[in-house]
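Listed here are the chains, written in short residue letters.
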Amino acid sequence: MMDAIEVIRAKRDAGELTTGQIDWVIDAYTRGEVADEQMSALAMAILLNGMNRREIADWTQAMIRSGERMDWSGLDRATADKHSTGGVGDKITLPLAPVVAACGAYVPQLSGRGLGHTGGTLDKLESIPGWRASLSNGEMLGVLRSAGAVVCAAGSGLAPADKKLYALRDVTGTVESIPLIASSIMSKKIAEGTGALVLDVKVGSGAFMKTPETARELAETMVALGTDAGVRTVALLTAMDRPLGRTVGNALEVEESVEVLAGGGPEDVVELTVRLAQEMLEAAGISGKDPAKALVDGSAMDAWRRMVAAQGGDPDALLPRAAETLTVEVPESGVLTRLDAYAVGLAAWRLGAGRARKEDPVSFGAGVTLHAKPGDLVRAGQPLLTLHADETARFERALAALEGGYAVGTVSEDQLPLIIDRVTAT
Ligand code: URA
């Protein structure tokens with residue numbers, strides 16, 4: 001018989017938790033035997049004192065065992081998935097899942113909703129009229145077989161310990177801990193049953209990880225967890241100091257993704273989609289396929305249309321638009337030296353694209369369109385941003401979020417390269 005207080009004290013005093021203690025505390029917490037206040041104290045002790053590799057692996061495995069583990073081994077093709085640690089304008093899953101399906105892998109992806117200034121893939125897809133995020137395991141398999149890719153919400157049976165713990169961390173200031181983030185993400189991805197996994201670890205103002213060093217530590221921790229669990233896992237560190245692409249907001253990002261699937265779209269979105277697709281195919285052991293070609297020959301678009309339709313969505317439907325717009329103009333001529341990801345993400349959130357509490361609705365049409373990106377030459381008075389909202393009352397706070405979030409100068413400033421580094425198992 002174990003005791004929660006003993007486990008909390010051990011970590012409070014910077015001790016190492018035993019496998020038995022970790023297994024017990026995760027199981028007892030899931031069953032409600034360890035109280036929320038006890039788990040909050042333990043999460044804070046972990047945030048402050050860390051966990052070693054063995055403890056993180058045990059913690060992850062215990063969270064996987066708290067629920068079901070999906071199994072796609074009966075399928076006739078390899079499975080591959082991607083997980084992004086979250087950013088501003090990060091719509092990559094939307095073109096990526098169909099492009100990888102078009103190149104011959106199955107993509108079973110369980111995604112989340114946005115919270116705070118970062119958007120969620122499910123919110124974006126839900127802006128397509130009729131599209132359904134909740135599927136049974138049988139429906140998920142059916143969509144995977146017919147479309148090659150499925151993007152849906154994780155059911156309540158998958159890593160329930162993480163669901164409970166993540167909600168608790170969200171309100172107790174204990175999200176920003178590498179052991180807790182790594183185990184949270186990887187418990188869900190391993191339980192999802194994918195054979196290959198590519199992690200897109202974002203770096204910069206709009207991401208959890210503000211520096212390449214902390215992002216690398218998170219990436220290495222997650223790659224080790226995946227590899228040890230038998231999932232072929234690699235990670236890319238990618239830039240999130242500026243938004244990705246030219247749109248931030250649910251329906252706006254779907255529109256941009258469809259442009260990419262039609263062979264166009266912004267250069268950074270195309271480059272990252274193609275690179276992540278190549279990594280997924282390599283990790284899945286599929287060679288001789290060119291994702292860049294699938295974007296221009298229509299095969300990725302065909303997979304997208306099948307995927308959307310198989311989940312009840314109408315790929316030809318008009319997407320929701322916000323009722324009101326406001327243009328922000330370039331203040332002076334020169335080079336756009338900065339357009340900060342966090343400032344734009346916060347503005348989009350305040351315009352209604354995101355939610356403050358997880359039960360809040362989102363506005364599908366709200367968000368920000370970017371008319372220039374850092375490094376572009378701009379002229380005074382030309383449009384820099386268009387803000388989209390359902391009510392004009394939202395503009396003032398969105399403009400306040402953008403204050404100091406962009407700058408025009410005479411010479412280009414250094415920005416992070418789009419793809420900063422690649423992390424593989426050591
Ligand atoms: N995403 C997750 O799923 N878990 C975390 O802890 C952070 C981001």
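Reading the values: rules and limits
- Residues numbered from 1 in each chain as written.
- Predicted model: local features only at pLDDT ≥ 70, side-chain atom pairs only at ≥ 80, totals over all residues.
- Heavy atoms only, no water.
- Helix = DSSP H or I, 4+ residues; strand = E, 2+ residues; numbered from the N terminus.
- Rg over C-alpha atoms; globule rule 2.2 N^0.38 Å.
- Buried < 20%, exposed > 50% of the residue type's maximum accessible area, 1.4 Å probe, protein only.
- Contact = heavy atoms within 4.5 Å.
- Areas by Shrake-Rupley, 256 points an atom, 1.4 Å probe, with all protein chains shown as cover.
- Lys, Arg positive; Asp, Glu negative; His and termini not counted.
- Charge placed at Lys NZ, Arg CZ, Asp CG, Glu CD.
- Salt bridge = Lys/Arg side-chain N within 4 Å of Asp/Glu carboxyl O.
- Pairing = 2+ DSSP bridges.
- Right-handed = clockwise from strand over helix to strand, strands pointing away.
- Domains from an automatic or database assignment.
- Buried area = accessible area lost by both parts, 1.4 Å probe.
- Axes fitted to C-alpha atoms, helices over the stretch in contact; angles between N-to-C directions.
- Core = buried A, V, L, I, M, F, W, Y, C linked by side-chain atoms within 4.5 Å.

### Topic: the overall build of the chain
So, point 1. For the chain, the helix and strand inventory stands at 16 helices and 13 strands.
So, point 2. Its C-alpha radius of gyration of 21 Å places the chain within 12% of the 22 Å reference for a compact globule of 426 residues.
So, point 3. A principal-axis box enclosing the C-alpha atoms of the chain has dimensions of 70 × 45 × 40 Å.
So, point 4. Counting only residues that meet the buried cut, the chain has 54% of its 426 residues in that class.
So, point 5. Put simply, of all contacts in the chain between residues at least 6 apart along the chain, 80% involve residues at least 24 apart.
So, point 6. Counting every atom, the chain has about 17000 Å² of accessible surface; 50% of that belongs to carbon and sulfur.
So, point 7. Counting 42 positive and 57 negative side-chain charges, the chain places the averaged centre of each group 2 Å from the other.

### Focus: the pattern of salt bridges
Once the charged atoms of two side chains with opposite charge are near each other, the side chains can pair.
So, point 1. Under the criterion given, the structure shown has 26 salt bridges.
So, point 2. In this structure, Glu 192 and Lys 189 form a salt bridge, with 3.1 Å as the shortest nitrogen-oxygen distance. Pair check on accessibility: Glu 192 and Lys 189 agree, each one buried.
So, point 3. Note that Arg 242 is salt-bridged to Asp 241, the shortest N-O span being 2.9 Å.
So, point 4. Look at Arg 242 and you get buried, because its relative accessible area is 14%.

### Observations concerning the pairing of strand β4 (residues 196-203)
So, point 1. Burial of β4 is extensive: 8 of the 8 residues sit out of reach of the surface.
So, point 2. Side chains Ala 196, Val 198, Asp 200 and Lys 202 of β4 all project onto a buried face; the interleaved residues Leu 197, Leu 199, Val 201 and Val 203 project onto the opposite face, where all are buried too.
So, point 3. Bridge count for strand β1 (residues 80-84) against β4 is 5 bridges, and the pairing is parallel. Within the sheet, the bridge partner assigned to Ser 84 lies in β4 and is Asp 200.
So, point 4. In this structure, β4 lies alongside strand β5 (residues 232-239), joined through 8 bridges in parallel fashion. Residue pairing for β5: Lys 202 is matched across the bridge by Thr 238.
So, point 5. Taken together, β4, helix α10 (residues 212-228) and β5 form a β-α-β motif whose crossover is right-handed.

### Remarks on the domain arrangement of the chain
So, point 1. When cut into domains, the chain gives domain 1 (4-50), domain 2 (80-316) and domain 3 (324-409).
So, point 2. For domain 2 and domain 3, the distance between their C-alpha centres works out to 24 Å.
So, point 3. With 26 residues of domain 2 at the interface, the matching set in domain 3 holds 29 residues.
So, point 4. Summed over both partners, the interface of domain 2 with domain 3 comes to about 1900 Å²; 58% of that surface belongs to carbon and sulfur atoms.
So, point 5. When the area that domain 2 buries against domain 3 is broken down by residue, the three leading residues are His 117, Arg 246 and Val 248, summing to 28%.
So, point 6. Where domain 2 packs against domain 3, one counts 3 salt bridges.
So, point 7. Linking Asp 268 and Lys 373 is a salt bridge whose minimum nitrogen-to-oxygen distance equals 2.8 Å.

### Here we look at the sheet that holds strand β9 (residues 367-370)
So, point 1. Ordered by their spatial adjacency, 4 strands build an open sheet running β6-β9-β11-β7, and the pairing between neighbours is antiparallel. Both edges of this open sheet fall to β6 (247-248) and β7 (324-329), since each of them pairs with a single strand only.
So, point 2. Where β6 and β9 come together, 2 bridges link them in antiparallel fashion. Considered in β9, the bridge of Val 248 is made with Val 368.
So, point 3. This element, helix α15 (residues 341-353), spans β6, β9 and β11 (383-389) of the sheet and lies at about 135° to β9.

### Describing the nonpolar core
So, point 1. Counting residues in hydrophobic clusters, the biggest one holds 137 residues, and the most contacted among them are Trp 59 and Trp 304.
So, point 2. Not counting chain neighbours up to four residues away, the residues in contact with Trp 59 comprise Ile 22, Val 25, Ile 26, Met 39, Leu 42, Ile 46, Met 51, Leu 165, Leu 180 and Ser 183.

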